[in-house]
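# Close look at the chain arrangement
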Amino acid sequence: MTERLSDERGFAAVGESLKRIREEIAEAAIKSGRQPSDIQLMAVTKTVEPEYINYVIENGVDLIGENKVQEFLSKKEFLKLDSCKAHIIGHLQTNKVRKIVGLVDTIQSVDSIKLAKEISLRSVSAGVTTNILAEVNIGEEEGKTGISKNEVEELICACAELPGIKVKGLMAIPPFSEDANKTRVFFSNMNQLFIDISAKKLDNINMEVLSMGMSGDYREAILEGSNLVRVGTALFGGRKY
Ligand SMILES: *Cc1c(COP(=O)(O)O)cnc(C)c1O
């Protein structure tokens, strides 16, 4: 397990951050014509020790996100996950799928049919259903994970045919910008894609989740339609790898 940074936040500081983040989520939800409860807060827990993760769970956080299968597996036994779901949000190699299926509710980072097929196969043999989100490379950035916007529908329609998995929506990590307002256009494009695909009412596809927005831009993401924000640094403090 990694050590905390020297600017480590104590439990009290994490508690304060959680309160502030919830207030800001509520405010952005209302501004976007929705209820605070319409927006899910995910605590992104990469490099965060189980004590801190359990602290936010005890304070009502019911969704955590981990990037790496190995890290999740090494922490899992210490986590109080009875009232909390876990999602995988990082790039997933097909050879890791077997280890994680059945332990997480959703894999948010599905960007190929090959990966979807493996999740399907392993879910069926484990006797579980795994929810998936299609990860979209909305900035069309080279070398970045996620499927191109033009290929999303094809991917999710192919996924809808597979047993053991359920398509629940879309996820994106837009190009990084210091200025969250610059990111808004990508959030807006994602929202439009989400609306367009939802409107088609495709068989076996439940467009429920639009996962976008991180520490620096979750307010803007909500204003543009996100209903699941993934927040790490703003909650737990800086990460050390
Ligand atoms: C790390 C990570 C986050 C959280 O980023 P912060 O800026 O620390 O809030 C969200 N989503 C994904 C996919 C991540 O890898």
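Refer to the preceding data block for the structure.
Residues numbered from 1 in each chain as written. Predicted model: local features only at pLDDT ≥ 70, side-chain atom pairs only at ≥ 80, totals over all residues. Heavy atoms only, no water.

Scanning the chain from N- to C-terminus turns up nine helices and eight strands. Radius of gyration (C-alpha) of the chain: 17 Å, near the 18 Å computed for a compact globule of 241 residues. Its C-alpha atoms put the chain at 45 × 40 × 35 Å along the principal axes. Per-residue burial over the chain gives 51% buried out of 241 residues. Across the chain, the fraction of contacts at a sequence separation of at least 24, relative to all contacts at a separation of at least 6, is 62%. Accessible surface, the chain: about 11500 Å² in total, of which carbon and sulfur atoms supply 48%. Charged side chains in the chain number 31 positive and 35 negative. The centres of these two groups are separated by 2 Å. (Helix = DSSP H or I, 4+ residues; strand = E, 2+ residues; numbered from the N terminus. Rg over C-alpha atoms; globule rule 2.2 N^0.38 Å. Buried < 20%, exposed > 50% of the residue type's maximum accessible area, 1.4 Å probe, protein only. Contact = heavy atoms within 4.5 Å. Areas by Shrake-Rupley, 256 points an atom, 1.4 Å probe, with all protein chains shown as cover. Lys, Arg positive; Asp, Glu negative; His and termini not counted. Charge placed at Lys NZ, Arg CZ, Asp CG, Glu CD.)

Moving on, we get to the site of the ligand. All residues adjacent to the ligand are Val44, Lys46, Asn67, Ile89, Ile173, Met214, Ser215, Arg230, Val231, Gly232, Thr233 and Arg239. Within the side chain of asparagine 67, one N or O atom sits 2.6 Å away from an oxygen atom of the ligand. Between threonine 233 and the ligand, the recorded distance is 2.5 Å, taken from a side-chain N or O atom to an oxygen atom. Relative to its unbound accessible area of 390 Å², the ligand is 89% covered by the protein chains. (Near = heavy atom within 4 Å. Polar contact = N/O pair within 3.5 Å; in protein donor to acceptor, adjacent residues only side chain to side chain.)

Of all residues except glycine, most have a negative phi; of all peptide bonds, most are trans. Located in the positive-phi region is threonine 47, a residue other than glycine, with phi close to 65°. Turning to its location among the elements, threonine 47 is positioned in the loop between β1 (40–44) and α2 (50–58). Under the relative-accessibility criterion, threonine 47 is labelled buried at 6%. The phi torsion at lysine 201 lies on the positive side, around 45°, for a residue other than glycine. On the secondary structure map, lysine 201 appears in the loop between α7 (180–199) and β7 (205–211).

Nonpolar side chains in soluble globular proteins generally cluster together in the buried interior. By size, the foremost hydrophobic cluster in this structure holds 67 residues, and its most contacted members are Ile64, Ile119, Val152, Ile156, Leu170, Met190 and Leu235. When residues in this core are grouped by element, the largest group, six residues, is from helix α1 (residues 11–31). In contact with isoleucine 64, not counting residues within four places along its chain, are Met42, Ala43, Thr45, Ile53, Phe72, Leu79, Leu81, Cys84, Lys85, Ala86 and His87. Core analysis: the next-biggest nonpolar cluster, separate from the first, contains eight residues, Met42, Leu133, Met171 and Val209 among them. (Core = buried A, V, L, I, M, F, W, Y, C linked by side-chain atoms within 4.5 Å.)

With that settled, the discussion passes to the pairing of β1. Along any regular strand the residues' side chains alternate between the sheet's two faces. Within β1, four of the five residues are buried, leaving the element largely enclosed by the surrounding structure. Bridging between β1 and strand β8 (residues 228–231) involves four bridges; their strand directions are parallel. Along β8, the bridge assignment pairs alanine 43 with valine 231. Note that β1 and strand β2 (residues 63–66) share two bridges and pair parallel. The residue bridging alanine 43 from the neighbouring strand is isoleucine 64, located in β2. Handedness of the β-α-β unit built from β1, α2 and β2 comes out right-handed. (Pairing = 2+ DSSP bridges. Right-handed = clockwise from strand over helix to strand, strands pointing away.)

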